[in-house]
Amino acid sequence: MKILDGKKVSNDIKNEIAEVVSQMKENGEKVPHLAAVLVGNDGASLTYVGSKVRSCKRIGFESTLIHLPSETTEAALLKEVEALNNNDAIDGYIVQLPLPKHIDEEKVLMAVHPDKDVDGFHPTNFGKMALDMESFIPATPYGIMELLRRYDVDTQGKHTVVIGRSHIVGRPISILMSQKGKAANSTVTLTHSRTKDLEVFTKDADIIVSALGVPDFLKGDMVKEGVVIIDVGITRVPDDTKEKGYYITGDVDFAQVSPKASYITPVPGGVGPMTIAMLLKNTLLARERHNNRKNA
Ligand code: GUN
């Protein structure tokens, strides 16, 4: 069993980006600038956004955090989005999800200009991704692909079973892994809450991508020997014995599944850190494309 070490690989990627940024500075060029909009005080979102902003600093990006109160109206948020679209200093930005219930998430994501949509959530980017065109690929599936590529995991002709059909992970990773290219060319089955006899699929799978959000869901007797496991679940389980009052766990029962796996991502330290690294990568791409449009 080999660990797919997302922490290490994400650090490698950040170092590579930092190298590019330091070259940009030396050349007197503008460095990438990422903005993040956070509405409200959801604990996990605060952690993620804080981590994104800290990572920007570490690699030499500029960053702006726009933290709005939870009672912010949809109209006020749309105004912020419009201002970010029109702000030439900002190369890319994200609106952290989930948004408070009174705000129509789809409406907000549709308002993000596709050229600045470093989350890759806008239909223009999602459509282009599905058609093999240049786009921004959502950071989590992009991170999974990069992890598989860097560990040379053989995916060609393999049966990949994706658990969960979310717009952020399940749906896009099922598209990416079925496309041509490295870490792809897979035969993909996309399973979800209405799938009958899920075990029939997981037991046949060469590769399992689980993006369900149910702790310890995937058990040892549900997988075959040699399986590659990508665990996207990040659930906070309340635990008074921990300093933070919770511990983080994935969808996969690591103790049961890891002895049977050829490769496996740990939680934490697997897919999570890769998501941040690929958001930074997208921001670098946004900066380069922004520059190219200006010089065109
Ligand atoms: N919430 C959970 N994951 C993500 C993500 O990748 N981007 C944004 N904007 N919000 C999220």
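Summarised in this report is the structure supplied together with it. Computed from a predicted model, the values in this text were never measured in an experiment.

Rules used throughout
- Residues numbered from 1 in each chain as written.
- Predicted model: local features only at pLDDT ≥ 70, side-chain atom pairs only at ≥ 80, totals over all residues.
- Heavy atoms only, no water.
- Axes fitted to C-alpha atoms, helices over the stretch in contact; angles between N-to-C directions.
- Helix = DSSP H or I, 4+ residues; strand = E, 2+ residues; numbered from the N terminus.
- Parallel < 35°, antiparallel > 145°, perpendicular 65-115°, else oblique.
- Left-handed = near helix turned anticlockwise from the far one by under 90°.
- Contact = heavy atoms within 4.5 Å.
- Nonpolar A, V, L, I, M, F, W, Y, C, P; charged D, E, K, R; others polar.
- Buried < 20%, exposed > 50% of the residue type's maximum accessible area, 1.4 Å probe, protein only.
- Lys, Arg positive; Asp, Glu negative; His and termini not counted.
- Salt bridge = Lys/Arg side-chain N within 4 Å of Asp/Glu carboxyl O.

1. What about the packing of helix H1 (residues 6–26) against helix H10 (residues 271–295)?
For any two helices packed against each other, one specifies the inter-axial angle together with the distance between the axes. At a minimum axis separation of 8 Å, H1 and H10 run at an interaxial angle of 20 degrees. Relative to H10, the element H1 is oriented roughly parallel. Helix-helix and strand crossings are classified by hand; for H1 and H10 the assignment is left-handed. Two secondary-structure elements touch here, H1 through Gly6, Lys7, Val9, Ser10, Ile13, Lys14, Ile17, Val20 and Met24 and H10 through Pro273, Met274, Ile276, Ala277, Met278, Leu280, Lys281, Leu284, Arg287 and Glu288. Here the residues of the contact of H1 with H10 sort into 12 nonpolar, 2 polar and 5 charged.

2. Brief notes about the side chain of lysine 14
Here lysine 14 shows up in helix H1. Despite being buried, lysine 14 has no salt bridge partner; aspartate 12 is the closest side chain of opposite charge, sitting 11 Å away. Once residues within four sequence positions are removed from consideration, lysine 14 is found in contact with Ser55, Arg58, Ile59, Ile276 and Leu280.

3. As for unusual backbone geometry
Of note, the bond from leucine 97 into proline 98 is cis; its omega dihedral lies within 30 degrees of zero at 0 degrees. Structurally, proline 98 is set in the loop between strand S4 (92–95) and helix H4 (105–111). For the peptide bond that leads from valine 267 to proline 268, omega is -5 degrees, which places it in the cis range. Position of proline 268 relative to the elements: it lies in the loop between strand S11 (261–264) and H10. Phi at asparagine 185 takes a positive value of approximately 55 degrees, unusual for a residue other than glycine. If you trace the backbone, asparagine 185 turns up in the loop between helix H7 (170–178) and strand S6 (187–191).

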